[in-house]
Amino acid sequence: MAGSGAFGEILEGEVFKFYYDGEWRTSSSGKSVAIINPTTRKTQYRVQACTQEEVNKVVDSSRVAQKAWAKTPLWKRAELLHRAAALLKEHKNPIAECLVKEIAKPAKDAVTEVVRSGDLISYCAEEGVRILGEGKFLVSDSFPGNDRNKLCLSSKIPLGVILAIPPFNYPVNLAVSKIGPALIAGNSIVLKPPTQGAVAALHMVHCFHLAGFPKGLISCVTGKGSEIGDFLTMHPGIGCISFTGGDTGIAISKKAGMIPLQMELGGKDACIILEDADLDLAAANVAKGGFSYSGQRCTAVKVVLVMESVADIIVEKVNAKLVKMTVGPPEENCEITPVVTESSANFIEGLVMDAKQKGAKLCQEYKREGNLIWPLLVDHVRPDMRLAWEEPFGPVLPVIRISSVEEGIHHCNASNFGLQVSC
């Protein structure tokens, strides 16, 4: 159960603590932020609403800890990461429970995310030792006019304090994908988890605490983005920002100043299907790629661009798979579960209604109960419809019929998003 057993010290009353300088603490603000269960639409958990003053203390502590950590041998860094990975796997069930209740991730997938995160931490430890254990030997005569009379040995050095901001849909896995590489490279971490997914992230951070990492090296602050978000991203003590999410990343890039940024933002990932495709395989991958975790994935199929001559067959085959999908609560391992917030559900519904009003064909009856939206394939979508371009991040998939591969590629290239494409 969340906040119990090995995780008892991270909870005080009904509010989960934040973490810095090796201790779990309550905020001086006396305020908390509610986390709403997407299934029940009621408050499930509460986390601390940290202040800007507390953010300053966190960053100062991180800067001090990072300087000592940078001098720690690689093998020792890797040893601690392996220990954290083992603890994460050992405590997979309470962390997975948080994912089920915070973001409505199907129970089986929630456990998989935690285990996969442990594997990723170990991978970072192993590869980090190999990559960072090598230097590069340079000579001076590669530039015109120079002789080979100078030698240079280069190696990678840490950036300092890394601000890690993962998204709601993988609050554990896409947190450790930032934390693992940063720590093995000699950096310290300030984690700002998403509100939905914050408690799972706090449990994950406790595994690093139990692993014995030095005080101040890992911090986790929670609170409202409107109060500490900009303050964090513009903080002069931050040496790099790693962000995964949507349009917020554009605002961060404009405010962060001259520091390295690593960002994975929104997408409108296309699947282009031509006449010579294996249509059974294509339909299976469209259904899986478009609707796993209710379409709330960065790499989900977001639009199908199919040749007119085979479009009817593809639509029929995908529809046949959607009919068999289970819809309901994540505790029952349903394939389609509630989307993360009511505002997300409203946005998705707006895209569907816009397409319907402009002449698109809804292949299933549009059905919604609260945050739960039944899987929907929308055929005959045209470029004048919002659904052709905007990212629903839900169980709704548009089909655009094309007359040539060039037309499909042109549509992909006209998108404002960076893309993952399958053909």
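See the structure printed just above.
Residues numbered from 1 in each chain as written. Predicted model: local features only at pLDDT ≥ 70, side-chain atom pairs only at ≥ 80, totals over all residues. Heavy atoms only, no water.

**Here's the deal with the environment of Ala104**
With respect to the helices and strands, the residue Ala104 is situated in the loop between helix H3 (92–103) and helix H4 (107–132). With 92 residues separating them in the primary sequence, Ala104 and Gln196 have C-alpha atoms 9.8 Å apart. Contact partners of Ala104, with chain neighbours within four places excluded, come to Pro38, Thr39, Leu99, Tyr293, Pro330, Thr337 and Pro338. (Helix = DSSP H or I, 4+ residues; strand = E, 2+ residues; numbered from the N terminus. Contact = heavy atoms within 4.5 Å.)

**Brief notes about helix H10 (residues 308–323)**
The end-to-end C-alpha distance of H10, which contains 16 residues, comes to 23 Å, matching closely the 22 Å that a straight helix rising 1.5 Å per residue would cover. Buried within H10 are the following residues: Val310, Ala311, Ile314, Val315, Val318, Asn319 and Leu322. Buried residues in H10 make contact with strand S14 (270–273), helix H9 (279–291), strand S15 (303–307), strand S19 (376–379) and strand S20 (396–402). (Expected span 1.5 Å × (residues − 1). Buried < 20%, exposed > 50% of the residue type's maximum accessible area, 1.4 Å probe, protein only.)

**Things to note about the pairing of strand S13 (residues 261–264)**
Sheet analysis places strand S12 (residues 240–244) next to S13, joined by four bridges and oriented parallel. Its bridge partner being in S13, Thr244 is matched across the sheet by Glu264. The handedness of the S12 to S13 crossover, carried by helix H8 (residues 248–255), is right-handed. (Pairing = 2+ DSSP bridges. Right-handed = clockwise from strand over helix to strand, strands pointing away.)

**A look at H9**
In a regular helix each residue adds 1.5 Å, so 13 residues correspond to 18 Å; H9 covers 18 Å between its end C-alpha atoms and thus fits that length. Buried within H9 are the following residues: Leu279, Ala282, Ala283, Val286, Ala287, Gly289, Gly290 and Phe291. The elements touched by buried residues of H9 are S14, S15, H10, S19 and S20. One side-chain oxygen of the residue at the start of H9 lies 3.2 Å from the amide nitrogen of Asp280, identifying that residue as Asp278. (Polar contact = N/O pair within 3.5 Å; in protein donor to acceptor, adjacent residues only side chain to side chain.)

**Let's talk about the pattern of salt bridges**
For the structure on display, the rule yields 20 salt bridges. Note that Glu79 and Lys76 form a salt bridge whose closest N and O atoms lie 3.2 Å from each other. One end of the pair, Glu79, and the other, Lys76, are both in helix H2 (residues 74–90), three residues apart, so they sit about a helical turn from each other. Shared partners join several salt bridges into a network, and the residues in it are Glu308, Asp312, Asp379 and Arg401. (Salt bridge = Lys/Arg side-chain N within 4 Å of Asp/Glu carboxyl O.)

**Some remarks on the packing of aromatic side chains**
Enumeration over the complete set of coordinates arrives at six aromatic pairs. On the basis of an interplanar angle of 85° and a centroid distance of 5.6 Å, the ring pair of Phe16 and Tyr45 is categorised as edge-to-face. Taken together, the positions of Phe16 in strand S2 (residues 15–16) and Tyr45 in strand S6 (residues 43–48) put the pair 29 residues apart, joining distant regions of the chain. For the pair shown, Phe16 and Tyr45 are each scored as buried. Geometrically, the ring pair formed by Trp69 and Phe213 is tilted, given 5.7 Å between the ring centres and 50° between the ring planes. With a gap of 144 residues between them, Trp69 in helix H1 (residues 52–69) and Phe213 in the loop between helix H6 (198–211) and strand S11 (218–220) connect regions that are remote in the sequence. Judged on exposure class, the residue Trp69 and its partner Phe213 are both buried. Here the aromatic residues Trp69, Phe208 and Phe213 are joined through ring pairs into a cluster of three or more. For the cation-ring pair, Lys105 lies above Tyr170, with the distance from its terminal atom to the ring centre recorded as 3.6 Å. Here Lys367 stacks its cationic end above the ring of Trp374, 4.3 Å away from the centre of that ring. (Phe/Tyr/Trp six-rings, centres within 6.5 Å; stacked < 30°, edge-to-face > 60°. Lys NZ or Arg CZ within 6 Å of the ring centre and 35° of its normal.)

**Side note on the nonpolar core**
One finds Leu183, Leu191, Met204, Phe208 and Phe213 to be the most contacted residues of the largest nonpolar core, which totals 61 residues. Looking at this core, the element that brings in the most residues is H6, giving 10 residues. When near neighbours in sequence (up to four residues on either side) are disregarded, Phe213 contacts Trp69, Leu80, Leu81, Ala84, Leu183, Phe208 and Ile218. With 47 residues, the next largest nonpolar core counts Ile273, Ala345, Ile373 and Ala388 among its residues. (Core = buried A, V, L, I, M, F, W, Y, C linked by side-chain atoms within 4.5 Å.)

**What to know about the pairing of S19**
Side-chain direction in a regular strand flips from residue to residue, so the side chains alternate between the two faces of the sheet. Burial of the side chains of S19 extends over both faces: Leu376 and Val378 are buried on one face and Leu377 and Asp379 on the other. With three bridges connecting them, S19 and S20 associate as parallel partners. Opposite Leu376, over in S20, you have Val396 as the bridge partner.

**Focus: the side chain of Lys192**
Of note, Lys192 is situated in the loop between strand S10 (188–191) and H6. It turns out Lys192 is buried and unbridged, and the closest side chain with the opposite charge, Glu227, is 10 Å from it. Among the polar contacts listed, one links the side chain of Lys192 to the backbone oxygen of Gly223, at a separation of 3.5 Å. When near neighbours in sequence (up to four residues on either side) are disregarded, Lys192 contacts Leu163, Ala164, Ile165, Pro166, Val221, Gly223, Ile228 and Leu232. (Lys, Arg positive; Asp, Glu negative; His and termini not counted.)

**So, unusual backbone geometry**
Its identity as a non-glycine residue notwithstanding, Asp21 has a phi of 55°, on the positive side. Even without being a glycine, Arg41 presents a positive backbone phi close to 60°. Checked against the element boundaries, Arg41 lands in the loop between strand S5 (32–36) and S6. On the basis of relative accessible area, Arg41 is assigned to the partly exposed category, the value being 46%.

**So, the state of the cysteines**
A full pass over the atoms with the stated rule returns zero disulfides. Cys124 forms no disulfide, and the closest cysteine sulfur to it belongs to Cys240, at a distance of 14 Å. (Disulfide = S-S within 2.5 Å.)

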